[in-house]
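# Descriptive structure summary
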Amino acid sequence: MLLIPTAKTNSRALPFISPKVWWLRSFIALWLTVVVSGCGEPETPSPAGSLARGDRFLEDGKPNEAISAYRVALHQDSLNPVALARLSRAYAAQGNRYLADMYIQRATNIPYERGLRELEAGNEAAAKLAFEETISLHPPHPLALNHLGEIHYRRGNQDSAVAYYETSARGF
């Protein structure tokens, strides 16, 4: 039961508040409750969602917005080579060659160095995957192409090895 104070209410039990003031205070309290309950930690978009949003911006010819979206993805995963490569594309679309080159170099170094570590550990299959990832991010990566050629040569795939060596040589 809702008690609305009126002039007839016992003044010793409850101080008199006009009904207009009571309704106004009740409305403000309710409004504050709703607003505060809606506040909380803002939902952080996933890196995949940020990448997709950046891709849409880039397709729409909005490189500045794409850069912002890709940076959100990098904020969540600073070693994400895909985000770094896409950020490079966005800077290139903006006409900033310096930053485009810097970010593509960072993007390709991550899987390339992983490939080198796997080669040293003797895990040729994992090294091959890492070098292929490097090529997918930046196709003319001559060192990754050369390592793929070596891996194919050791496996007896001379034709594939020669193709990788030739592609690597064209990169220089």
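Look a little higher up for the structure.
Let me sum up the structure you'll find in this document.

Reading guide: rules and limits
Residues numbered from 1 in each chain as written. Predicted model: local features only at pLDDT ≥ 70, side-chain atom pairs only at ≥ 80, totals over all residues. Heavy atoms only, no water. Helix = DSSP H or I, 4+ residues; strand = E, 2+ residues; numbered from the N terminus. Contact = heavy atoms within 4.5 Å. Core = buried A, V, L, I, M, F, W, Y, C linked by side-chain atoms within 4.5 Å. Buried < 20%, exposed > 50% of the residue type's maximum accessible area, 1.4 Å probe, protein only. Salt bridge = Lys/Arg side-chain N within 4 Å of Asp/Glu carboxyl O.

Quick look at the environment of Ile151 now. Mapped onto the fold, Ile151 is located in helix α7 (residues 142-154). Considered as a pair, Ile151 and Lys128 are 23 residues apart in the sequence and their alpha carbons are 7.2 Å apart. Residue contacts for Ile151: discarding those within four places in its chain leaves Leu119, Glu124, Ala127, Lys128 and Phe131.

A separate point is the nonpolar core. In summary, soluble globular proteins display a tendency toward joint burial of nonpolar side chains. Among the nonpolar cores identified, the biggest contains 18 residues, and Tyr70, Leu87, Ala90 and Tyr91 are the most heavily contacted of them. Of all the secondary-structure elements, those providing two or more residues to this core are α2 (47-59), α3 (63-76), α4 (81-94) and α5 (97-120). Those residues in contact with Leu87 that lie beyond four places of it in its chain are Ile67, Tyr70, Arg71, Leu74 and Tyr103. Membership of the second largest hydrophobic core comes to 8 residues, among which are Tyr112, Leu145, Leu148 and Ile151.

With respect to the secondary-structure elements, Glu150 resides in helix α7. Distance from Glu150 to Ala161, taken between C-alpha atoms, is 6.5 Å for residues 11 residues apart in sequence.

Of note, His141 is situated in the loop between α6 (124-137) and α7. Residue His141 is classed as buried on the basis of its relative accessible area of 9%. If we ignore the near neighbours within four places in the chain, the residues touching His141 are Thr108, Tyr112, Thr134 and Ile135.

Another point: the pattern of salt bridges. Summed over the entire model, instances satisfying the criterion amount to 6 salt bridges. The partner of Glu133 in a salt bridge is Arg114, with the nearest N and O atoms 2.3 Å apart. Of this pair, Glu133 sits in helix α6 while Arg114 is found in helix α5, placing the two residues 19 residues apart along the sequence. Note that Glu132 and Lys128 form a salt bridge whose closest N and O atoms lie 2.6 Å from each other. With Glu132 and Lys128 both in helix α6 and 4 residues apart, this pair spans about one turn of that helix.

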